[in-house]
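Okay, here's what each chain looks like letter by letter:
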Amino acid sequence: MIRFLHQQREVALEQLPADTSILDYLREHRGLTGTKEGCASGDCGACTVVVAKAGNDGLEYAPVNACIAPLGSLHGTELITVEDLKDGDEYHPVQQAMIDNHGSQCGFCTPGFIMSLFALYHSQKTGDREEILEALGGNLCRCTGYRPIIDAAEQALAGESDDAFSRRARATLDQLRALSDKERETEALELPHGHYYRPKDAEQVARLLGEHPQARVIAGGTDLFLESTQGLKDLPVLIDVTAVPALHVVSVDSKHIRLGAAVTHRASQDAVLTDYPELHELIQRFGSLQIRSRGTIAGNVANASPIGDWPPVLLALGGSIQLQSEAGQRSIALDDFFLDYRKTAQRDGEFIAEVFLPRRKENLFLRAYKISKRFEDDISSVCAVFALELEGDRITGARAAFGGMAATPKRGQSLENALEGMNLRTDSLDTAVAAIEEDFQPISDARASEDYRRLVSAKLLYRLQAEFRGDVDTRVHAMEIHSGELAIHD
Ligand SMILES: Cc1cc2nc3c(=O)[nH]c(=O)nc-3n(C[C@H](O)[C@H](O)[C@H](O)COP(=O)(O)OP(=O)(O)OC[C@H]3O[C@@H](n4cnc5c(N)ncnc54)[C@H](O)[C@@H]3O)c2cc1C
Ligand code: FES
Ligand code: FES
């Protein structure tokens, strides 16, 4: 039985297949067609809904791509869709601001924008432009243009949040607590058409994997659900790791930042950036806020895509993972995890329980570069991460890992040898550039040609050196386009 709140009432469902998406449930089973289907792959944001959970400081609202989020993930939460925002005859401040600022033309994208803005309206917002751009990075509009939508956001976010949702927050929290009490009574969540398991501890995950060899582990589903919406595969048995409290833990000890398998990109951000502020841009450009609100680092690693962004980070920083099964636990360095195209050292019956990111070393010079066709919400053509240990200007230890340059995420052994011992400020990069040719034989595909991938990787070495020297400004600046004027500032 899946239980969640919608329109202040408890919804209890058990007659739907385990791989039903929130979007299909809304449109096909409830006739709620305000939430749109554009791409069915998490890219356009037309299907954005908001999911509210009971957090430590009250309700936490997250924007979610309903097209790639399983219905089972709603268990114990409140679902909010565009139909729910009006308060009697009054539009929500976010809706009113879109009307006032002419933020909609054909209207197809509008419910998605409204819901992304609604989530931002209910966050610890500052209302600044960067924050608005981040919140809207996962929503595409093909006719209005973004300026009126950004203006609408600025209007809606000015002042205190005061809407029907904030006014009834206490009652909603009580309802959610009552739901979670009921959940505690449920041993495992089973649906008649397939199974959607929500085990409560890691041992139960391992046991279920042992009992159901055909089952797929699901965390955010931001990769897995594309197998259903794009690959048209059935996913009849899902084991959702996000109901395991222990797998949500982010902890920091003297050696590692430890990230449980259910920790989303968003939830890991503060701990990661405290040690590695240089990863800020890469993290912000990982998918969209919708994707970062559900997707996990463990899922990114387990998915083993050659163009995933976290594997190069973990390879360059010497990361590792903890695998768990009924047989017990074992840890493995990321260096030994990726075996071939989408083949990993994860054995049948195992799942990733934790990801370990080593604590920052002294004298580390770190750079992470993402090259993609679009700045926001795009997959890397090349992702390059350089972790250099320095004594003065001399490189005493080098780890350089790339995505998009081989069948797996991969370190460049010859490149690292070439970098070690080099004076980063004064030495020529010729040998290091030649080493990239030795290490990698990239392929051409829809994202980039083989030549482009090699060339851009070499250029990233020059960028690395320029940034170390500090003599050339290589960063993208915040751009403010407002009322027809373009201002560029740091
Ligand atoms: C629009 C869009 C934009 C994206 N942008 C980026 C991007 O910028 N960079 C990038 O790298 N990726 C991107 N992705 C891919 C995806 O969001 C990430 O890989 C994400 O981190 C996957 O995490 P998840 O929790 O959603 O994994 P899921 O989809 O739940 O799972 C992915 C795979 O890993 C397995 N799995 C999940 N958790 C575990 C576990 N604990 N143990 C073992 N197996 C497990 C699943 O069975 C599945 O095979 C994007 C995806 C979309 C749809
Ligand atoms: S329909 Fe495009 S993101 Fe869901
Ligand atoms: S108003 Fe038409 S796509 Fe945005």
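Our subject is the structure listed above.
Residues numbered from 1 in each chain as written. Chains lettered and ligands numbered in written order. Predicted model: local features only at pLDDT ≥ 70, side-chain atom pairs only at ≥ 80, totals over all residues. Heavy atoms only, no water.

A. Here's a closer look at the overall build of the chain. Helix and strand counts for the chain come out as 17 helices and 21 strands. In summary, the chain has a C-alpha radius of gyration of 23 Å against a globular reference of 23 Å for 490 residues, a match within 12%. Along the first, second and third principal axes, the C-alpha set of the chain runs to 70 × 65 × 40 Å. Expressed as a percentage of its 490 residues, the buried residues of the chain come to 55%. (Helix = DSSP H or I, 4+ residues; strand = E, 2+ residues; numbered from the N terminus. Rg over C-alpha atoms; globule rule 2.2 N^0.38 Å. Buried < 20%, exposed > 50% of the residue type's maximum accessible area, 1.4 Å probe, protein only.)

B. Structural context of unusual backbone geometry. The phi dihedral of Gln8 falls on the positive side, at around 65°, and the residue is not glycine. Here Gln8 falls in the partly exposed class, since its relative accessible area comes to 42%. If you check the backbone angles, Arg342 has positive phi at about 55° while not being a glycine. One can find Arg342 in the loop between β13 (338-340) and β14 (343-344).

C. Quick peek at the pattern of salt bridges. Tallying each qualifying case throughout the model produces 28 salt bridges. Here Arg167 makes a salt bridge to Asp87, at a shortest N to O gap of 3.1 Å. Of this pair, Arg167 sits in helix α6 (residues 164-167) while Asp87 sits in the loop between β5 (78-80) and α2 (93-100), placing them 80 residues apart in sequence. Note on Asp87: relative accessible area 38%, which makes it partly exposed. One salt bridge in this structure joins Arg411 and Glu416, with 2.7 Å as the shortest N-O distance. (Salt bridge = Lys/Arg side-chain N within 4 Å of Asp/Glu carboxyl O.)

D. Representation of the site of ligand 1. Surrounding ligand 1, one finds 34 residues, the nearest of these being Val217, Thr222, Asp223, Leu224 and Thr296. Taking Thr222, its side chain carries an N or O atom lying 2.6 Å from an oxygen atom of ligand 1. Interatomic distance of 2.7 Å between a backbone N/O atom of Leu224 and an oxygen atom of ligand 1. Surface burial for ligand 1 is 95%, taken as the share of its 970 Å² of free accessible area covered by protein chains. Among the elements of the structure, β7 (216-218), α13 (297-303) and β15 (351-358) are those that each provide at least two residues to the shell around ligand 1. Here the element with the most residues in the shell around ligand 1 is α13; it accounts for 4 residues. When grouped by side-chain class, the residues that make up the shell around ligand 1 number 12 nonpolar, 14 polar and 8 charged. When residues of the shell around ligand 1 are assigned to domains, at least three fall in each of domain 1 (2-83 + 168-243) and domain 3 (364-469). (Near = heavy atom within 4 Å. Polar contact = N/O pair within 3.5 Å; in protein donor to acceptor, adjacent residues only side chain to side chain. Areas by Shrake-Rupley, 256 points an atom, 1.4 Å probe, with all protein chains shown as cover. Nonpolar A, V, L, I, M, F, W, Y, C, P; charged D, E, K, R; others polar. Domains from an automatic or database assignment.)

E. Layout of the packing of helix α3 (residues 110-121) against helix α4 (residues 129-136). With their axes 9 Å apart at the nearest point, α3 and α4 run at an angle of 130° to one another. As the angle between them shows, α3 and α4 are arranged oblique. Every pair of crossing elements has a handedness; the one defined by α3 and α4 is right-handed. Across from Phe113, Ser116, Leu117 and Leu120 in α3, the residues of α4 making contact are Glu131, Ile132, Ala135 and Leu136. The residue inventory of the contact of α3 with α4, partitioned by class, reads 6 nonpolar, 1 polar and 1 charged. (Axes fitted to C-alpha atoms, helices over the stretch in contact; angles between N-to-C directions. Parallel < 35°, antiparallel > 145°, perpendicular 65-115°, else oblique. Left-handed = near helix turned anticlockwise from the far one by under 90°. Contact = heavy atoms within 4.5 Å.)

F. Summary view of the packing of aromatic side chains. One pass over the full model with this rule turns up 9 aromatic pairs. Here the aromatic rings of Phe118 and Phe165 are separated by 4.9 Å at their centres, their planes lie at 70°, and the arrangement is edge-to-face. With Phe118 in helix α3 and Phe165 in helix α6, this pair connects stretches of sequence that are 47 residues apart. Phe165 carries the same exposure label as Phe118, and that label is buried. Lying across the ring of Tyr91, Lys86 places its NZ or CZ 5.0 Å from the centre. Over the ring of Phe375 we find Arg285, and its NZ or CZ is 4.2 Å from the ring centre. (Phe/Tyr/Trp six-rings, centres within 6.5 Å; stacked < 30°, edge-to-face > 60°. Lys NZ or Arg CZ within 6 Å of the ring centre and 35° of its normal.)

G. The nonpolar core, seen in detail. Residues Phe4, Leu279, Val301, Trp310, Ile321 and Phe337 are the most contacted members of the largest nonpolar core, which totals 84 residues. If you tally residues by element for this core, the top one is helix α14 (residues 310-317), at 6 residues. Residues lining this core come from more than one domain, with at least three contributed by each of domain 1 (2-83 + 168-243) and domain 3 (364-469). The residues contacting Ile321, other than those within four sequence positions of it, are Val301, Arg330, Ser331, Ile332, Leu334, Phe337, Ile352, Glu354, Val355 and Phe356. Residues Ala52, Leu117, Ala119 and Leu289 belong to the second largest nonpolar core, which totals 35 residues. (Core = buried A, V, L, I, M, F, W, Y, C linked by side-chain atoms within 4.5 Å.)

H. A look at helix α17 (residues 450-469). In this model α17 runs 29 Å from its N-terminal to its C-terminal C-alpha over 20 residues, within 8% of the 28 Å that 1.5 Å per residue would give. For α17, the set of buried residues is Arg453, Arg454, Val456, Ser457, Ala458, Leu460, Leu461, Leu464, Gln465, Ala466, Glu467 and Phe468. Elements in contact with the buried residues of α17: β16 (364-371), β17 (382-391), β18 (394-403), α15 (413-419) and α16 (430-439). Just downstream of α17 lies Gly470, where phi reads positive at about 70°. (Expected span 1.5 Å × (residues − 1).)

I. Fine view of the environment of Gln155. Mapped onto the fold, Gln155 is located in helix α5 (residues 146-157). Along the primary structure Gln155 and Val217 are separated by 62 residues, whereas in three dimensions their C-alpha atoms are 42 Å apart. Apart from the residues within four sequence positions on either side, Gln155 is in contact with Ala97, Asp100 and Asn101.

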